[in-house]
Each structure stands twice: as C-alpha cells, then as structure tokens.
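Observations on the model geometry
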Amino acid sequence: MTANQQKKERVKAFGPWLVVIERTGQICLSVWVAVLVVLGVVWPEPYAGTWQLVLRQIALGRAGSISIGLEQEFSKVFLLLQCSLQDVIILLLLYPLLVASYRRVVEIRIVGPAIHNIRASAERHKSKIEPYGAIGLAAFVFFPFWSTGVLAGGVLGYLLGMRTWVTFTSLIVGNFLAVACWIFFFEKLSEMSETLGSQMPLIVFLIVLFAAIVQQIRRLRQRYLEQIANNGRNGNGEE
C-alpha cells in the first residue's frame, strides 16, 4: 500500500473532522513548545522551569501544577494559559484516538488500561450529565474529582451525541474556569498559611486525605452495584 493510500485509509477511518482536530493539536503543540523555549531562553527565571509544571500536571493534575507554579513565582496569567492549553492540546491529540480507534488503542499494553479507564469513566457519568447538555459537560470538567478531566469529558460529549464544536466549547470553558478557580484557591491558601503557620500543611493533608477516602468509597460502591447488576443479568440468563 502506497503512502497516499495509507493516508486515505487513515482519513476514512478517522473522518474529516477528527483529522482536522488532530492536525490542530499538532500545530498548537508545536507553537506552544516554541513559545516556551523562547521564554526559557529570554527569561530563564522562572520560565526555564516550565517543564516542572508540565510534568506535575500530567502526574497530579491542574492543582499540582498550579501549586508549584505559584511557589516558583510564575505569573497567574501564564499559569492560566499553561494549565489550560496543556489539557486542551492533549485533548486535541488524543480525542480522535479515543472516539475512532478505541478498540485498537486499548490493546496497547502501556496506555490501554488508562484509555479504558477514561472511556469507562465517561460511560459511568453519561446518565448524570445527559439531562444538562453542554452546561453539564462543562461542570463535569470543572469539578476537581478523579476521572473528570477533559479527555473523559471529550469521550462523554461524543457518547452523548453532541456536536463536536459544542463538546469542545464546553470542555474549554469548563477547564479554563477550573484552572482560574484553582489559582484563586491557592492564593487564598497562601494567605491563610501566614495566619495558621505550621498547622497549614496538616490541614491541607487532611483535606486531600478526606477527598481521597470519599472518592474511594464512591468507586467501591459503584463497583459493588455493577457487580450486583451483572450477577442479576447472569442469573436471568441461566434461568
């Protein structure tokens, strides 16, 4: 098969809009990397450390990136742009794979489980978000719970049958507002730390621990209900 034939097959599999989305993601990634390199060379303090923000966001989400960014005295405007754009660029690059080549991607050993979890999260929240449409999708991305990021939101919008531009608008707005609120939250947290002093790290730890416990309870409950439903279907099938 020639290169042109392979390209045509790929376009046919993805669909024209998905190809446009993927190309847009590649362009945005290239431009933003170039901007970060220029900033790091011209103003090494603090922009040479932007890579730490990127890795923190991948590992710990928006909150982790913003917390270290404020500590390293990045401007709030830059943090707003960096954190928002990083999620949007990842969405643009991976959305076509998630909605068009899901089965093939899941078979990849390294990323397959993560992709499956994203898809499962979207399907799990579908019935809750569907009545609220675009507003519900924006809220889904806005609230800082596990498995409610822009990738899961993109798949959720696709499963709900939303138009692509509506899905992306909701995701971008929800993500932008979430980042802005995190910046505001950590600023207030910094002000509180000046008053509470050494007790502040313990308070933050307890808050995070409580949120993690609540989320784990929700997950276990969901799995328990799914197991009961599966056992019921199997029982009916045997009868």
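Residues numbered from 1 in each chain as written. Predicted model: local features only at pLDDT ≥ 70, side-chain atom pairs only at ≥ 80, totals over all residues. Heavy atoms only, no water.

Describing the packing of helix H4 (residues 50–60) against helix H5 (residues 62–71)
Helices that pack against each other are described as a pair by the angle of their axes relative to one another and the distance between those axes. Our working definition: What counts as an axis is a line fitted to C-alpha atoms, over the stretch in contact for a helix, and the angles between N-to-C directions run from 0 to 180 degrees. Secondary structure elements follow DSSP: runs of H or I of four or more residues count as helices, runs of E of two or more count as strands, with numbering from the N terminus. When an angle is under 35 degrees it counts as roughly parallel; over 145 it counts as roughly antiparallel; between 65 and 115 it counts as roughly perpendicular; any other value is oblique. Handedness of a crossing follows from how the near helix is turned relative to the far one, being left-handed for an anticlockwise turn of less than a right angle and right-handed for a clockwise one. Residue contacts are counted whenever heavy atoms from the two residues lie within 4.5 Å of one another. Residues were grouped as follows: Ala, Val, Leu, Ile, Met, Phe, Trp, Tyr, Cys and Pro as nonpolar; Asp, Glu, Lys and Arg as charged; and all remaining residues, including Gly, as polar.
For the pair H4 and H5, interaxial distance at closest approach is 6 Å and the crossing angle is 150°. Classified by the angle their axes make, H4 and H5 are roughly antiparallel. At the point where H4 passes H5, the crossing takes the right-handed sense. Judged by residue contacts, Gln52, Leu53, Arg56, Gln57 and Leu60 of H4 engage Arg62, Gly64, Ser65, Ser67, Ile68 and Gly69 from H5. Each residue belonging to the contact of H4 with H5 can be placed in one class, and the counts come to three nonpolar, six polar and two charged.

Thoughts on the packing of H4 against helix H6 (residues 76–100)
Between H4 and H6, whose axes approach to 11 Å, the crossing angle comes to 50°. Between H4 and H6, the interaxial angle falls into the category oblique. Considering only the axes of H4 and H6, their crossing is right-handed. Within the contact between the two elements, H4 uses Thr50, Leu53, Val54, Gln57 and Ile58 and H6 uses Phe78, Leu79, Gln82, Cys83, Gln86 and Asp87. For the contact of H4 with H6, the per-class residue count stands at six nonpolar, four polar and one charged.

Observations concerning H6
Here is the rule: Helices are assigned an expected span. That span is 1.5 Å times one less than the residue count. Here the bend at a residue means the angle between the axes of two seven-residue stretches, the one that ends at it and the one that starts at it.
Across its 25 residues, H6 extends 36 Å between first and last C-alpha, which sits within 8% of the 36 Å expected from 1.5 Å per residue. The axis of H6 is deflected most strongly, by about 45°, at Leu94, and proline Pro96 appears within four residues downstream.

Things to note about the confidence of the model for the protein
The test is simple: What pLDDT expresses is the predictor's confidence in each residue, scored from 0 to 100.
Counting all residues, the mean pLDDT for the protein is 78, and 74% of those residues have values of 70 or more. For the protein, per-element mean pLDDT is lowest for helix H1 (residues 3–14), which scores 47, and highest for helix H2 (residues 16–42), which scores 91. Overall, residues 5–13 carries pLDDT values under 50, and its contacts beyond four positions in sequence, including any with other chains, amount to seven contacts.

Focus: the pattern of salt bridges
Note the cut-off: Salt bridges are defined as contacts in which a side-chain nitrogen from Lys or Arg sits within 4 Å of a carboxyl oxygen from Asp or Glu. Buried, partly exposed and exposed residues are distinguished by accessible area as a fraction of the type maximum, computed with a 1.4 Å probe on protein chains only: under 20%, between the cut-offs, and over 50%, respectively.
Within the structure shown, the criterion is met by two salt bridges. Salt-bridge contacts for Glu187 lead to Lys76; the nearest nitrogen and oxygen are separated by 3.1 Å. Note that Glu187 is positioned in helix H11 (residues 164–196) and Lys76 in helix H6, a separation of 111 residues in sequence. When its relative accessible area of 43% is taken as the criterion, Lys76 is described as partly exposed.

Notes on the environment of Pro131
Structurally, the position occupied by Pro131 is in the loop between helix H8 (112–129) and helix H9 (133–142). Of the residues examined, Pro131 reaches a relative accessible area of 62% and is grouped as exposed. Separated by 29 residues in sequence, Pro131 and Leu160 place their C-alpha atoms 10.0 Å apart.

Some details on the environment of Leu177
Position of Leu177 among the secondary structure elements: in helix H11. Residue Leu177 is classed as partly exposed on the basis of its relative accessible area, which comes to 44%. It is 9.1 Å that separates the C-alpha atoms of Leu177 and Ser84, two residues lying 93 residues apart in sequence.

Points about unusual backbone geometry
With an omega dihedral of 5°, the bond running from Glu45 to Pro46 counts as a cis peptide bond. Mapped onto the secondary structure, Pro46 falls in helix H3 (residues 44–47). One non-glycine residue with positive phi stands out, namely Glu73, at about 65°. Structurally, Glu73 can be placed in the loop between H5 and H6. The class for Glu73 is exposed, based on a relative accessible area of 68%.

So, the nonpolar core
Selection rule: Take the buried Ala, Val, Leu, Ile, Met, Phe, Trp, Tyr and Cys residues and link them wherever side-chain atoms come within 4.5 Å; each set so joined is a nonpolar core.
Counting 23 residues, the largest nonpolar core has Ile21, Leu91, Tyr95, Ile118, Phe140, Leu156 and Phe168 as the members making the most contacts within it. Secondary structure elements with two or more residues in this core: H2, H6, H8, H9, helix H10 (150–159) and H11. If one sorts the elements of this core by residue count, H6 sits on top with six residues. In terms of nonpolar packing, the next biggest core, distinct from the first, is built from 19 residues, Leu39, Leu53, Val179 and Phe186 among them.

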